Structure formats: structure tokens, C-alpha cells
Amino acid sequence: MQTFHPRARPRLARRTLLARAALGTALALSGGLAGAQTYPAKPVSLVVPFPAGGATDTATRLVAQHLGQVLGQTVVVDNVAGASGAIAAQKVVRAAPDGYTLLAGTVNEVALAPIFTPGTPYTQRDLAPIGEIGVTPFVLVGNPKLPANSIDELLALARQKPGTLNVGVPGLGTLQHVATAMLASQARVSWLTVPYKGAAPLNADLLGGQVDLAVVTLPSAIGYIQDGKMKSLGLMSLQRDERAKDIATINEGREIKGFTTDAWLGLLAPAKTPAAVITTMNAALAKTLAMPEVRDGLGKLGFRVQPGTPAQFGELMTREDARYRKLAATVKLDR
């Protein structure tokens with residue numbers, strides 16, 4: 001039988017208490033780590049700044065479905081339209097920074113609204129980049145009756161009739177609106193801006209000949225261009241698109257060089273979202289975008305898949321912010 005000196009018992013008791021305390025701390029820490037490692041522990045909401053049925057909404061739903069499979073949780077799409085995307089972005093900015101309310105964001109609400117829409121109650125710094133999903137090009141089109149068949153002929157016509165050509169945009173402050181202002185500024189021409197409440201009514205009036213020009217996504221225009229119902233005046237990208245190699249870029253004309261307004265789509269979280277959550281979601285997004293069915297589906301919707309790190313997406317956002325702030329200092333958008 002083991003015996004202890006009476007003075008040893010207090011020391012033993014203290015050691016026992018210290019050991020129990022250390023064990024309790026370790027258990028608490030392991031519980032915390034386990035909690036962090038189980039993200040997401042409930043459904044995740046992706047806020048889309050457009051009504052259901054459009055290309056961005058359809059693309060987000062495709063990603064959400066497969067992203068949920070990767071995460072092992074339901075990913076819900078929440079359509080919050082209005083104010084060129086600013087209402088949706090504001091909802092995410094005001095959400096808890098826990099990774100359960102994310103923005104399927106585009107250049108409209110992330111880069112343009114804080115600069116061009118007065119009273120926008122957030123800045124780009126209020127959103128944390130997770131990862132880019134993809135980009136889609138725009139094409140400048142005209143109705144079939146327009147007496148111009150190339151970007152050079154269009155600019156010559158605009159100079160012959162200054163301020164008389166009209167260009168439709170699917171909302172004030174949208175990328176299409178900014179793109180037409182950029183083009184007019186670079187080419188030193190002027191035209192009238194006609195705002196619409198969305199792309200559908202704009203396309204209808206363009207096809208009907210009520211509007212001269214519009215900037216639309218390439219996938220939505222390819223069929224009309226091939227059928228002669230829309231006239232292509234140039235892809236607004238640096239290079240031709242693999243899906244429509246016969247459509248020249250506006251940079252192939254004599255006057256316009258280095259012009260691009262590709263639209264991007266990506267996931268963003270409220271600022272101050274933990275880095276571990278951002279990393280987890282970015283990894284899950286990368287796995288999702290690597291799935292053939294996702295890549296093919298996004299391609300059919302007009303998106304070129306472009307995954308990357310949060311830092312790379314953040315750099316893109318910073319470049320876009322600087323670019324459009326410079327534009328805002330020199331070009332006044334028609335209202």
C-alpha cells in the first residue's frame with residue numbers, strides 16, 4: 001500500500017485541480033475547433049440581385065445546387081431585385097458575418113452602385129471576396145434598320161447626327177449604361193440614353209426598331225445576330241469569343257483600342273466574416289466549378305468559368321473600383 005506524507009496531500013490536490021483545469025481548457029478548445037470545422041452547420045443563403053429566370057439567377061441556382069452537395073448543406077437562392085442590385089448587396093452587408101448569408105454579386109452592385117448611384121448605403125469595403133465564378137462578354141448591337149454595319153461606321157454616323165442616336169440600357173447605373181458612356185467618351189461622340197426596367201423590354205424595343213443601339217450579353221444576342229434580327233457592331237472585349245468567332249471586337253476598328261467591359265459574377269460575404277469561413281467556402285466553390293456539369297451549364301448560359309482565390313477576386317474588385325472611379329471623375333452618366 002502506498003502512503004503519502006501529510007504535507008504532500010495539499011500539493012497533490014493542487015496538481016489534481018491544475019490537471020482538471022487543463023483538461024477542461026483542452027476540451028473547450030477542441031469543442032471550439034470542432035465547431036469551426038463543422039461550418040456550415042445549417043443552410044446557406046445566396047442573395048441574387050436580380051429577379052428569377054435571368055442568366056445570373058440561373059447560373060447562381062446551378063452553382064447553388066452543386067455547392068450544396070459539396071458542403072453537405074442546403075444552399076438557398078434568395079432573389080432580391082431593385083436599385084441596380086444595391087438592395088441585395090445592402091441585405092448582405094447588414095447580415096451577420098458568419099458565412100450563412102452571401103451575395104452572388106456582379107459588377108453592377110459591387111463596383112458600380114457605390115460610385116454611380118447616389119445614396120448607396122455601402123462601399124466595396126463592406127463586402128469580403130470569396131471567389132469569382134465566371135465572366136460573360138457584352139456585344140454592342142443595333143436594330144436591323146440602323147445604317148451602320150461596324151463600329152467605325154457607327155461612330156461616323158454618330159458624328160454626322162450628334163445626339164440623335166439613342167441607346168437603350170436595362171437600368172441607370174448598370175454596367176451597360178456605364179459601357180455606353182465609356183465608349184462615347186473614348187470616341188468623342190454623343191447619343192441619347194434610354195433607360196428600361198430590365199433587359200426584356202429593352203430587347204423587345206430593339207427588335208421592334210424603337211431603339212437604335214443596346215449593349216447585351218453575347219449569349220442572348222447570338223441567335224438574333226445570326227437570324228439578322230440584330231446587327232452586331234462589335235464585341236466589347238479584348239479578344240473574340242470562341243462561341244462566336246465571326247463577331248469582331250470593337251477594338252478591331254480603326255479608332256477604339258483597349259476597350260473591355262466584361263461582366264463578372266462571384267461570391268461575397270459581409271465584411272469581418274472569419275477567414276476560416278471564407279477559406280472553406282472558396283475551396284467548396286472551386287470543387288463545384290471543377291464539375292463538368294457545372295462548367296458546361298455555365299458555358300451554355302454565357303459564362304466563362306474563372307475560379308480563383310479570395311485574394312485574386314479582391315484584386316479584381318480593387319482594379320474595377322479604381323477604373324470606374326476614374327471614369328466617374330471624367331464622364332457624367334445621362335440620367
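Residues numbered from 1 in each chain as written. Predicted model: local features only at pLDDT ≥ 70, side-chain atom pairs only at ≥ 80, totals over all residues. Heavy atoms only, no water.

Caption draft 1: Structural view of the overall build of the protein. Across its full length, the protein holds 11 helices and 11 strands. Taking all 335 residues of the protein together, 49% fall into the buried category. Restricting the contact set of the protein to residue pairs at least 6 apart, pairs at least 24 apart contribute 78%. Of the roughly 16,200 Å² that the protein leaves accessible, carbon and sulfur atoms contribute 57%. (Helix = DSSP H or I, 4+ residues; strand = E, 2+ residues; numbered from the N terminus. Buried < 20%, exposed > 50% of the residue type's maximum accessible area, 1.4 Å probe, protein only. Contact = heavy atoms within 4.5 Å. Areas by Shrake-Rupley, 256 points an atom, 1.4 Å probe, with all protein chains shown as cover.)

Caption draft 2: Inspection of the packing of helix α4 (residues 107-116) against helix α11 (residues 310-330) at higher detail. Packing of α4 against α11 brings their axes to within 10 Å, and their N-to-C directions diverge by 35 degrees. The chirality of how α4 crosses α11 is right-handed. Contact with α4, carried on its side by Val107, Val110, Ala111, Leu112, Ile115 and Phe116, involves Met317, Glu320, Asp321, Tyr324, Arg325, Leu327 and Ala328 of α11 and no other residues of that element. Here the contact of α4 with α11 is composed, by residue class, of 10 nonpolar, no polar and three charged. (Axes fitted to C-alpha atoms, helices over the stretch in contact; angles between N-to-C directions. Left-handed = near helix turned anticlockwise from the far one by under 90°. Nonpolar A, V, L, I, M, F, W, Y, C, P; charged D, E, K, R; others polar.)

Caption draft 3: View of the pattern of salt bridges. Per the counting criterion, the structure on display carries nine salt bridges. A salt bridge links Arg323 to Glu320; the shortest N-O distance between them is 3.6 Å. Placement of the pair is Arg323 and Glu320 together in helix α11, with a separation of three residues, close to one helical turn. (Salt bridge = Lys/Arg side-chain N within 4 Å of Asp/Glu carboxyl O.)

Caption draft 4: Representation of the sheet that holds strand β1 (residues 44-48) within the structure. If you trace the six strands from one edge of the open sheet to the other, you get β2-β1-β3-β10-β4-β11, paired in mixed fashion. Sheet topology places β2 (75-79) and β11 (304-305) at the edges, where each strand pairs with a single neighbour. Direction of pairing for strand β3 (residues 101-106) relative to strand β10 (residues 263-270): antiparallel, over a ladder of four bridges. Paired with Thr106 across the bridge in β10 is Leu265. The strands touched by helix α2 (residues 55-71) are β1, β2, β3, β4 (127-136) and β10; relative to β2, the strand with the most contacts, the crossing angle is about 160 degrees. (Pairing = 2+ DSSP bridges.)

Caption draft 5: Region of interest: the sheet that holds strand β6 (residues 166-169). Spatial ordering of the open sheet is given by β7-β6-β8-β5-β9, a layout of five strands whose pairing is mixed. The outermost strands of the open sheet, each flanked by one partner alone, are β7 (192-195) and β9 (231-235). In this sheet, neighbouring strand axes are inclined to one another by 30 degrees on average, regardless of whether the strands run parallel or antiparallel. Of the strand pairs in this sheet, strand β5 (residues 138-142) and β9 are connected by four bridges, and their pairing is antiparallel. Across the sheet, Leu140 pairs through a bridge with Gly234, a residue of β9. Contacts from helix α8 (residues 218-226) reach β5, β8 (213-217) and β9 within the one sheet, and its direction differs from that of β8 by about 120 degrees.

Caption draft 6: The environment of Gly234, seen in detail. Of note, Gly234 is situated in strand β9. Residue class for Gly234 comes out buried when judged on its relative accessible area of 3%. Separated by 16 residues in sequence, Gly234 and Ile250 have C-alpha atoms that sit 4.4 Å apart. Excluding anything up to four places from it in sequence, Gly234 contacts Val139, Leu140, Ala248, Thr249 and Ile250.

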